[in-house]
Amino acid sequence: MKIVVIGGTGLIGSKLVTRLGEQGHEAVAASPNTGVNTLTGEGLAEVLTGASVVIDVSNSPSFEDAAVMEFFETSTGNLLTAEAAAGVGHHVALSVVGTERLPASGYFRAKIAQERLIEKSGIPFSLVHATQFFEFVRSIAESAADGDAVRIAPVLFQPIAGDDVADAVAAVAVGTPSNGRVEVAGPERYRMDEFFRDVLASWGDARQVVSDPHARYFGAELAEDSLVPEGDGARLGRVRYFDWPGARK
């Protein structure tokens, strides 16, 4: 099949292009770097010609409330319109576990808006909700920094390796559209504050991790289960955080 990966030159997109190509598919990386811009529509009609599946793993360059909403509404709307014209049969989008539970966050409100557009488009679809990536652990810690402390909510946390996310998205993309949601998470569940305490120690970072129930994540306070899958039906990755090659870098 021809499978177009929007955001195909990024962290997850590049892994998807490689995996799908190895499986014998015509996997095409589509991004501004390759002449495809979902915000303006540039290059969409051309790249989608003959495509059976579109995978959208793109992300907003700005997380400011208005900018991120504009990005997801405009880019998703342009993409879905082009897909309908091209006769694409399966739209796959990567989103975040707990998106619907965090409406206080502008970022997650924008992801909710994106998903609603997909659900109403009439194009068969699958939504893949993933937990936080191992690759973003350091940026999460830095965003929680407060002087010599790192303030983290004492809630459940189940991060996943980018390679495991790519495996899950690739499997969904070559399958039958679910017209619903699949959740993917890492193999181990932690207390978020305890996880970051151990991680900072492994980095030799002397900052104190403070357990703060009011610490915010993307602008929202977290409940106990805001960031982890619901129920027992999630697909679990194979890589454990402290076995991951990037854990101590």
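Please refer to the structure higher up on the page.
Everything numeric here is computed off the predicted structure, so don't read it as measured data. (Residues numbered from 1 in each chain as written. Predicted model: local features only at pLDDT ≥ 70, side-chain atom pairs only at ≥ 80, totals over all residues. Heavy atoms only, no water.)

Student: Sorry, what's going on with helix 7 (residues 192-203) here?
Tutor: Two residues of an α-helix separated by three or four positions point the same way, owing to the 3.6 residues in each turn. In a regular helix each residue adds 1.5 Å, so twelve residues correspond to 16 Å; helix 7 covers 17 Å between its end C-alpha atoms and thus fits that length. Within helix 7, burial applies to Met 192, Asp 193, Phe 195, Phe 196, Val 199, Leu 200 and Trp 203. End-on, the buried residues of helix 7 take up no more than an arc of 155 degrees, which puts them together on one face. Buried positions along helix 7 lie against helix 5 (137-143), strand 7 (149-152), strand 8 (156-157), strand 10 (190-191), strand 11 (208-211) and strand 12 (216-217). Directly beyond the C-terminal end of helix 7, a positive phi value near 75 degrees is found at Gly 204. (Helix = DSSP H or I, 4+ residues; strand = E, 2+ residues; numbered from the N terminus. Expected span 1.5 Å × (residues − 1). Buried < 20%, exposed > 50% of the residue type's maximum accessible area, 1.4 Å probe, protein only. Arc of directions from axis to C-beta. Contact = heavy atoms within 4.5 Å.)

Student: Explain helix 4 (residues 106-120) here, please?
Tutor: Look at helix 4: 21 Å from first C-alpha to last across 15 residues, which is about the 21 Å you get at 1.5 Å a residue. Taken together, the buried positions of helix 4 are Gly 106, Tyr 107, Phe 108, Ala 110, Lys 111, Ile 112, Ala 113, Gln 114, Glu 115 and Ile 118. Of the surrounding secondary structure, the elements contacted by the buried residues of helix 4 are strand 3 (53-56), helix 3 (65-86), strand 4 (90-96), strand 5 (125-130) and strand 12. The N-cap of helix 4, judged by a side-chain oxygen 3.2 Å from the amide nitrogen of Tyr 107 a few residues on, is Ser 105. Gly 122 occupies a position one or two residues after helix 4 and carries a positive phi of about 85 degrees. (Polar contact = N/O pair within 3.5 Å; in protein donor to acceptor, adjacent residues only side chain to side chain.)

Student: Sorry, what's going on with the pairing of strand 7 here?
Tutor: Successive residues of a regular strand alternate their side chains across the two faces of the sheet. Strand direction decides the pairing type here: strand 6 (residues 145-146) and strand 7, joined by two bridges, are antiparallel. Residue Ala 145 lies in a different strand from strand 7, and its bridge partner there is Val 150. Pairing between strand 7 and strand 11: four bridges, direction parallel. Bridge assignment links Ala 149 to a residue of strand 11, and that residue is Gln 208. (Pairing = 2+ DSSP bridges.)

Student: I would appreciate a short explanation of the sheet that holds strand 6 in the present structure.
Tutor: As a general point, the strands of a sheet are linked pairwise by backbone hydrogen bonds and lie either parallel or antiparallel. Across the sheet, three strands lie side by side as 6-7-11; this open sheet has mixed pairing. The open sheet terminates on both sides in strands that have one partner only, identified here as strand 6 and strand 11.

Student: Is there a simple way to explain the pattern of salt bridges in this structure?
Tutor: A side chain with one charge may pair with a side chain of the opposite charge, provided their charged atoms come close. Applying the stated criterion across every chain, the model contains 14 salt bridges. Across the pair Asp 65 and Arg 109 runs a salt bridge whose closest N-O atoms are separated by 3.3 Å. Here the residue Asp 65 occupies a position in helix 3, and Arg 109 occupies one in helix 4, the gap between them amounting to 44 residues. Using a relative accessible area of 40% as the deciding quantity, one classes Asp 65 as partly exposed. Residue Arg 109 is classed as partly exposed on the basis of its relative accessible area, which comes to 33%. Among the salt bridges present, the one from Arg 207 reaches Asp 205, with a minimum N-O distance of 2.7 Å. You can call Asp 205 partly exposed: its relative accessible area is 22%. Connected through salt bridges with shared partners, the residues Lys 15, Arg 19, Asp 163, Asp 167 and Arg 238 form a single ionic network. (Salt bridge = Lys/Arg side-chain N within 4 Å of Asp/Glu carboxyl O.)

Student: I keep staring at the pairing of strand 2 (residues 26-30) and nothing clicks. Help me out?
Tutor: As paired elements, strand 1 (residues 2-6) and strand 2 share five bridges and run parallel to each other. Paired with Lys 2 across the two strands is Glu 26, which belongs to strand 2. Taken together, strand 1, helix 1 (residues 11-22) and strand 2 constitute a β-α-β crossover, and its handedness is right-handed. (Right-handed = clockwise from strand over helix to strand, strands pointing away.)

Student: How should the environment of Val 68 be read in this particular structure?
Tutor: Within the secondary structure, Val 68 is located in helix 3. A residue is classified by how much of its surface remains accessible, and Val 68, at 0% relative accessible area, is buried. Here the alpha-carbon distance between Val 68 and Tyr 107, two residues 39 residues apart in the chain, equals 6.3 Å. Dropping the residues within four chain positions of it, Val 68 is found in contact with Ser 60, Ser 62, Phe 63, Gly 106, Tyr 107 and Ala 110.

Student: I'm lost on the packing of aromatic side chains in this one. Help?
Tutor: How two aromatic rings sit relative to each other is set out by the distance from centre to centre and by the angle between their planes. Under the defined criterion, the tally for this structure stands at 20 aromatic pairs. Here the aromatic rings of Phe 195 and Phe 196 are separated by 5.2 Å at their centres, their planes lie at 85 degrees, and the arrangement is edge-to-face. The exposure classification of Phe 195 matches that of Phe 196, with both residues buried. Sitting over the ring of Trp 203, Arg 138 keeps its end group 3.9 Å from the ring centre. (Phe/Tyr/Trp six-rings, centres within 6.5 Å; stacked < 30°, edge-to-face > 60°. Lys NZ or Arg CZ within 6 Å of the ring centre and 35° of its normal.)

Distances and angles like these do not, on their own, reveal function.
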